[in-house]
Amino acid sequence: TGAVDWAPRDSGVEFEPVKGAPSVADTPRLRLRQMREIAAEFSAEKTSRSADVRALRLLPQPLYRHSPAEQLRGDIALFAFVEATDPEAILLLESRPTGDDVNWYFAIARMSNIALRVHRHDQLVWQAETLAWKDAVGRSDKPYSAFRVR
């Protein structure tokens, strides 16, 4: 049949500074090590519709990495928080210029319509409530949508 257009009004993610993060390293190899170390400071959990709270596992290898040669700007990696092998949330880490400096930023993208919480050093840094099915299935106008495949 026809194709489904997915056109959310906003990205659904908001980048925030990684407070207390080290200075951005000079080489892509060292920046990848920094990103893995920063990612390991985060933890995530999900709460099922039946109120079961389950910790999610962080995959240590990024799902995606963009590293522009030796430049400090624009280095980005996407890490997954999974249950078994199912990604439930994505942690985005990015080096970005701030005035005369380059700093680390993070954002979280939900990959599930159930309640999610992400902590850094045991402090809550992001959360998303459970979406009602009507707000999650086939919503081409929302940042998160589930589409039925027949």
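Fair warning: this is a prediction, and the values are worked out from it, not measured in the lab.

1. Here's the deal with the overall build of the protein chain
Argument step 1. Scanning the protein chain from terminus to terminus reveals 2 helices and 9 strands.
Argument step 2. Within the protein chain, the proportion of its 150 residues that are buried is 37%.
Argument step 3. Of the contacts made within the protein chain by residues no fewer than 6 positions apart, 50% connect residues no fewer than 24 positions apart.
Argument step 4. Per element, the accessible surface of the protein chain, about 9100 Å² overall, is 51% carbon and sulfur.

2. Quick look at the pairing of strand S7 (residues 101-110)
Argument step 1. Taken across its 10 residues, S7 has 8 buried, putting it largely inside the fold.
Argument step 2. Bridge analysis of strand S6 (residues 86-98) against S7 gives 10 bridges, and the strand direction is antiparallel. When the bridges of S7 are listed, leucine 93 appears paired with phenylalanine 106.

3. Things to note about the environment of arginine 120
Argument step 1. In this fold, arginine 120 is placed in strand S8 (residues 115-120).
Argument step 2. Sequence separation of arginine 120 and alanine 40 is 80 residues, and the distance between their C-alpha atoms is 8.8 Å.
Argument step 3. When neighbours within four sequence positions are excluded, arginine 120 is seen to be in contact with Val18, Lys19, Ala21, Glu41, Phe42 and Val125.
Argument step 4. From its side chain, arginine 120 meets the backbone oxygen of lysine 19 in a polar contact 2.8 Å long.
Argument step 5. Polar side-chain contacts of arginine 120 include one of 2.7 Å to the side chain of glutamate 41.

4. Some points on the pairing of strand S2 (residues 42-47)
Argument step 1. For S2 and S8, the ladder comprises 6 bridges, and the chain directions are antiparallel. Bridged to serine 43 within S8 is histidine 119.
Argument step 2. Where S2 meets strand S3 (residues 53-58), 4 bridges bridge the pair, whose relative direction is antiparallel. Following the sheet pairing, threonine 47 is matched in S3 by valine 53.

5. Some words on helix H1 (residues 28-40)
Argument step 1. The first and last C-alpha atoms of H1 sit 18 Å apart over 13 residues, in line with the 18 Å expected at 1.5 Å per residue.
Argument step 2. Here the buried face of H1 lies against S2, S3, strand S4 (64-66), strand S5 (76-83), S6 and S7.

6. What to know about unusual backbone geometry
Argument step 1. For alanine 51, which is not glycine, the phi dihedral falls at a positive 75°.
Argument step 2. Residue alanine 51 is classed as exposed on the basis of its relative accessible area, which comes to 55%.
Argument step 3. Positioned with a positive phi, histidine 121 is a non-glycine residue whose angle comes to about 50°.
Argument step 4. Within the secondary structure layout, histidine 121 lies in the loop between S8 and strand S9 (123-128).
Argument step 5. Look at histidine 121 and you get exposed, because its relative accessible area is 53%.

7. Details of the confidence of the model for the protein chain
Argument step 1. For the protein chain, per-residue confidence averages 87 on the pLDDT scale, and residues scoring 70 or more make up 87% of the total.
Argument step 2. When mean pLDDT is taken per element in the protein chain, S2 scores highest with 98 and helix H2 (residues 133-136) scores lowest with 72.

8. With respect to the nonpolar core
Argument step 1. Counting 22 residues, the largest nonpolar core has Phe42, Phe79, Phe81, Leu91, Leu93, Phe106 and Ile108 as the members making the most contacts within it.
Argument step 2. Among the elements of the structure, H1, S2, S5, S6, S7, S8 and S9 are those that each provide at least two residues to this core.
Argument step 3. Counting residues per element, this core draws most heavily on S7, which supplies 4 residues.
Argument step 4. Ignoring anything within four residues of it in the chain, the contact list for leucine 93 reads Val18, Met35, Ile38, Ala39, Asp75, Ile76, Ala77, Phe79, Tyr105 and Phe106.
Argument step 5. Counting residues in hydrophobic clusters, the runner-up holds 6 residues, among them Ala80, Val82, Ile90 and Leu92.

Calculation criteria
Residues numbered from 1 in each chain as written. Predicted model: local features only at pLDDT ≥ 70, side-chain atom pairs only at ≥ 80, totals over all residues. Heavy atoms only, no water. Helix = DSSP H or I, 4+ residues; strand = E, 2+ residues; numbered from the N terminus. Buried < 20%, exposed > 50% of the residue type's maximum accessible area, 1.4 Å probe, protein only. Contact = heavy atoms within 4.5 Å. Areas by Shrake-Rupley, 256 points an atom, 1.4 Å probe, with all protein chains shown as cover. Pairing = 2+ DSSP bridges. Polar contact = N/O pair within 3.5 Å; in protein donor to acceptor, adjacent residues only side chain to side chain. Expected span 1.5 Å × (residues − 1). pLDDT = per-residue confidence, 0-100. Core = buried A, V, L, I, M, F, W, Y, C linked by side-chain atoms within 4.5 Å.

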